[in-house]
Amino acid sequence: MPLDFYRDVVGRSRNGPIMRENDFEMNILAPKIREVQEKYKIKLDPNTPVPFDDSLADAVYQAALEFYAEVGTYCIDTNRVIKFTKDEIEEAVWASPREAQFGEGLDARIVSHRDVEDPRRPPLWITANASTVTQDRFFPIVQTFLQEPLCDLYNCPHVQWIDGIELGGNDPTEYFGASRLAAMYDEARRRAGRPGIAVMNAGVAGPTAMGALAAARPGTGLTRREGWTGGPISEFKVDNHRLAKAAFFIDWNANRKWTVSPILGGYLGGPEGVAIGNVAYHMQGATLSKITYCTSLPLHFVMSNNTHRMMLWAINVSHQAIARNTPMISFAQLVTRFGPGTETIAYEGAAWALGAMASGGNPSAIGFSGGGKANRVSPIDAKLVAEICLAVTGMSREEANGLADSFIKMYEDKLSEPDLGYLYDDLYDPETLKPRDETLERYHRQKIELEKLGIPFGRIKS
Amino acid sequence: MTENILTLIKDGVVNGDPEQVRKYVTEAVESGMEPQDILEGGLTAGLEVMGERWNRLEVFLPEVMKSAKAMKVGFEIVKPQLGSKDSDFRMGTVVIGTVKGDVHDIGKTVVATMLIGAGFEVFDLGVDQAPSMFVDTAIEKDADIIGLSSLLTTSMAIQRDVIDLLDTLELRDRFQVMVGGAPTNQEWADTIGAQGWAADAHAAVAKAKELMETKKAS
């Protein structure tokens, strides 16, 4: 049993400073983020969505370290703050793995810490991130994603109704849903001929620890080598369920994910606060859950995407801070404003991929903002963004910045009125699992256009 | 004099300074200024400035929340002067919260703060709230709208449960229900019988105003 976890984390959640939640947010967190931002002179340059100033990245890291040491994490169940000293935080950060195995057998992949401008091929996490699908489309959709040879890692979609039972949280259906979905994930990958490919959002089906325990129980087919989902409540809060999940994942020695979503315009403020907060969230994952990797998807407070110019700056500078100052494995997750099957998604994806790859992030794409319609997924768009990631791997930050800037200009004026796009059945034939003619035609046309605009697809080796 | 004191009230709201707002609203009331002038020219005008700045990302949630609190201090002083005309100067009353089984609060807080900025009186229940809490509070506060947030597919069904409880208590016609959150959509709102759904916080405010106009017209 992870006794140090109970002493160091649970103990502090029961004995740390006690305060009201609103006081934590308004009097501790919000002023401190502004204070460190000014102290370390962190300032957005909107003309540089992919910054290439190492001293800026290092300052963001130092600001995050001071911020997290001073602010900590608020436990909403105990009303206490879990705090660590700077030394304890850095010890936890440097105890994080530099690489880890995900999946089993021939489908296993080693995922590593990436450096700024890293020339190595990244693992491609091609995903239907945070999507819900209907039960009748679950296997066709998952199989369509997994039949793509580029797909190294995968996020399974959620199903809201299984065999006529509506899945809830913190009730008996959480156990039913989480265990059934886990078994469905396992069956889907076997049907697709990829029995060992890692599911990177394992245990996400239930909001409480019950869901994680149900998904991990013997018989579901999921193993410690999936990515098991934990994470805070935005901003910098946890509850006892999240701590209980962490205890279980640590005890089981499973691959532990920390999913974080700092909000632009919220308590962290602007892009500078989001950048600092994003790095501090990695430190939070290391101290609270001894994480294997962190997946971050900063989001705009109204539009819920992360392809705005200032969002990309925040994402990129924070990944550079992590890449340069820690051994941690970190994923950047794309959330576009435009939906599946639209032209604009390729430009959003290109701007994001250029920055993420040059800044030391591992890529994970695509999630869509703007309404939870079932079956709103697009394997071919995720594939296109993955190919962009491969094409721009190793590109310098300065070159990536120029290209990203030109792509952002192609869509930034349209973000307030997005086309939410199409459903799986519009884009694919669910019987043959093949893209429809017009879907394929758009993909090829866009690839040619992107090449002309500077994405060097000819660089892709494998 | 009138213009000067309204500017001081407005500045107090913009700066999130409840003492400044209290001082000058009290002074304005005692000098016999029309309460609707204090509301529109000072308090609401201040929050409108903050709303515009928030849209441009010049200020953020904490600053706007402080301004909303300062505005509320002033509103409580003006309220007795409005008497029966109180409702004429408010857009409406909203009880809002995140439903049971879900502890995500930022999206709901953003919407609540924007609603205050738009002139609504808002009672924020927080997170993880059972259907009866929404209904009991809506009755107690004589609300116009119940706002239900859910970020998780697993808690969406609680939005429907609130409407079912209203039906059971035969209170369905008394309140407008709005739903929101990442997994929701118009189809879901239609299915459960919610009058309003919005994809984002700006759309939520527009929808709440629309529902109130419909209610006042009927």
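These numbers were taken from a predicted model, which means no experiment stands behind them. (Residues numbered from 1 in each chain as written. Chains lettered and ligands numbered in written order. Predicted model: local features only at pLDDT ≥ 70, side-chain atom pairs only at ≥ 80, totals over all residues.)

(A) Geometry of the overall build of chain A. Tallying secondary structure elements over chain A gives 15 helices and 21 strands in all. In chain A, which comprises 462 residues, the share counted as buried stands at 62%. Across chain A, the fraction of contacts at a sequence separation of at least 24, relative to all contacts at a separation of at least 6, is 81%. (Helix = DSSP H or I, 4+ residues; strand = E, 2+ residues; numbered from the N terminus. Buried ≥ 20, exposed ≤ 12 C-beta atoms within 10 Å, placed from the backbone. Contact = placed C-beta atoms within 7 Å.)

(B) Expanded view of the overall build of chain B. Within chain B one finds 9 helices and 5 strands. Reading chain B from its N end, one meets helices and strands in the order α-α-α-α-β-α-β-α-β-α-β-α-β-α. Taken over the C-alpha trace, chain B has a radius of gyration of 18 Å; the compact-globule value for 218 residues is 17 Å, and the two agree within 12%. For the C-alpha atoms alone, the extent of chain B along its principal axes is close to 55 × 35 × 25 Å. Counting all 218 residues of chain B, 57% fall into the buried class. Here the contacts in chain B between residues at least 6 apart in sequence split such that 71% fall between residues at least 24 apart. (Rg over C-alpha atoms; globule rule 2.2 N^0.38 Å.)

(C) Representation of the domain arrangement of chain B within the structure. Residues and elements named next belong to chain B. Taken as a whole, chain B is organised into domain 1 (2-85) and domain 2 (90-217). A separation of 26 Å is found between the C-alpha centroids of domain 1 and domain 2. Listed per partner, the contact involves 9 residues of domain 1 and 7 residues of domain 2. Sorting the residues of the side of domain 1 that touches domain 2 by element identifies α3 (35-55) and α4 (61-82) as the ones contributing at least two each. (Domains from an automatic or database assignment.)

(D) Main features of the sheet that holds strand β5 (residues 196-197) of chain B. Residues and elements named next belong to chain B. An order of β2-β1-β3-β4-β5 is seen for the 5 strands of this open sheet, with the pairing classed as parallel. Each edge of the sheet is formed by a strand with only one pairing partner; in this case those strands are β2 (120-124) and β5. Where strand β1 (residues 92-98) and strand β3 (residues 145-149) come together, 5 bridges link them in parallel fashion. Its bridge partner lying in β3, Ile96 is registered against Gly147. Of the strands in this sheet, β1, β2, β3, β4 (176-180) and β5 touch helix α9 (residues 201-217), which is tilted by about 165 degrees from β4. (Pairing = 2+ DSSP bridges. Axes fitted to C-alpha atoms, helices over the stretch in contact; angles between N-to-C directions.)

(E) Geometry of the interface of chain A and chain B. Between chain A and chain B, the residue contacts involve 31 residues of the former and 25 residues of the latter. Tallied by class, residues from the side of chain A that touches chain B come to 11 nonpolar, 16 polar and 4 charged. (Nonpolar A, V, L, I, M, F, W, Y, C, P; charged D, E, K, R; others polar.)

(F) Spotlight on helix α7 (residues 156-168) of chain B. Look at α7(B): 19 Å from first C-alpha to last across 13 residues, which is about the 18 Å you get at 1.5 Å a residue. Every buried residue belonging to α7(B) is among Met156(B), Ala157(B), Ile158(B), Gln159(B), Arg160(B), Val162(B), Ile163(B) and Leu166(B), and all of these are buried. Those residues of α7(B) hidden inside the fold are in contact with β10 (165-166) of chain A together with α6 (131-140), β3, β4 and α8 (186-192) of chain B. Phi turns positive, to about 55 degrees, at Glu170(B), one or two residues after α7(B). (Expected span 1.5 Å × (residues − 1).)

(G) Region of the structure containing the packing of helix α2 (residues 21-39) of chain A against helix α3 (residues 54-71) of chain A. Residues and elements named next belong to chain A. With their axes 10 Å apart at the nearest point, α2 and α3 run at an angle of 155 degrees to one another. When the axes of α2 and α3 are compared, the pair comes out roughly antiparallel. Remark: the crossing between α2 and α3 carries right-handed chirality. In this structure, α2 uses Ile28, Leu29, Lys32, Ile33, Val36 and Gln37 to contact α3, whose residues at the interface are Ala63, Glu66, Phe67, Glu70 and Val71. Looking at side-chain class alone, the contact of α2 with α3 contains 7 nonpolar, 1 polar and 3 charged residues. (Parallel < 35°, antiparallel > 145°, perpendicular 65-115°, else oblique. Left-handed = near helix turned anticlockwise from the far one by under 90°.)

(H) Summary view of the sheet that holds strand β13 (residues 237-238) of chain A. Residues and elements named next belong to chain A. Reading across the sheet, the 3 strands line up as β2-β1-β13 and stay open at both edges, with mixed pairing between neighbours. Looking at strand neighbours, the two that pair on one side only are β2 (80-82) and β13, the edges of this open sheet. As judged from the 3 bridges shared by strand β1 (residues 73-75) and β2, these two strands associate in the antiparallel manner. Residue pairing in the sheet places Tyr74 in a bridge with Val81 of β2.

(I) Highlighting the packing of α3(A) against helix α10 (residues 309-325) of chain A. Residues and elements named next belong to chain A. One way to put it is that α3 packs onto α10 with a least axis distance of 8 Å and a crossing angle of 85 degrees. Classed by the angle they form, the pair α3 and α10 counts as roughly perpendicular. Along its contact with α3, which presents Asp54, Leu56, Ala57, Asp58, Val60, Tyr61 and Ala64, the element α10 presents Val317, Ser318, Gln320, Ala321, Arg324 and Asn325.

(J) Region of interest: the environment of Ala400(A). Tracing the chain through its elements places Ala400(A) in helix α13 (residues 397-411). Residues contacting Ala400(A), with those up to four places away along its chain left out, are Val50(A), Leu354(A), Gly355(A), Ala358(A), Val392(A) and Met395(A).

(K) Seen up close, the pairing of β2(B). Residue and element names in this part refer to chain B. The pairing of β1 with β2 spans 5 bridges and is parallel. Paired with Val95 across the strands is Phe123, a residue of β2. A crossover connection joins β1 to the parallel β2 through helix α5 (residues 106-117); in handedness this β-α-β unit is right-handed. (Right-handed = clockwise from strand over helix to strand, strands pointing away.)

(L) Local environment of the nonpolar core. Core analysis: the largest hydrophobic core is formed by 225 residues, its most contacted members being Val60(A), Ala64(A), Ile276(A), Leu354(A) and Leu115(B). Ignoring sequence-local partners within four residues, the contact set of Val60(A) consists of Ile42(A), Ala275(A), Ile276(A), Val279(A), Val317(A), Ser318(A) and Ala321(A). (Core = buried A, V, L, I, M, F, W, Y, C linked by C-beta atoms within 7 Å.)

(M) Representation of unusual backbone geometry in the model. All names here are of chain A. The omega torsion across Ser234 and Glu235 is -5 degrees, close enough to zero to call that bond cis. With respect to the secondary-structure elements, Glu235 resides in the loop between β12 (228-230) and β13. Going from Ala365 to Ile366, the amide bond is cis rather than trans, its omega being 15 degrees. Summarising the element assignment, Ile366 is placed in strand β19 (residues 362-368). The backbone of Lys290 shows a phi angle near 45 degrees, a positive value even though the residue is not glycine. Tracing the chain through its elements places Lys290 in the loop between α9 (271-289) and β16 (293-296).

(N) Structural view of the pairing of strand β3 (residues 99-102) of chain A. Residues and elements named next belong to chain A. Where β3 lies against strand β4 (residues 109-112), 4 bridges are found, and the strand directions are antiparallel. Within β4, the position partnered with Glu99 by the bridge is Ser112. What sits between the antiparallel neighbours β3 and β4 is a turn of 6 residues, in which Gly103 has the positive phi angle 85 degrees.

(O) Local environment of the confidence of the model for chain B. Averaged over chain B, the pLDDT score is 91; the fraction of residues at 70 or greater is 97%. The complex model carries a pTM of 0.94, and its ipTM stands at 0.90. (pLDDT = per-residue confidence, 0-100.)

(P) Local environment of the environment of Gly269(A). By secondary structure assignment, the location of Gly269(A) is in the loop between β15 (263-264) and α9. Judged by the 24 C-beta atoms lying within 10 Å of it, Gly269(A) is buried. Considered as a pair, Gly269(A) and Ala205(A) are 64 residues apart in the sequence and their alpha carbons are 30 Å apart. If near-sequence neighbours (up to four positions away) are discounted, Gly269(A) is found in contact with Ile33(A), Arg34(A) and Phe60(B).

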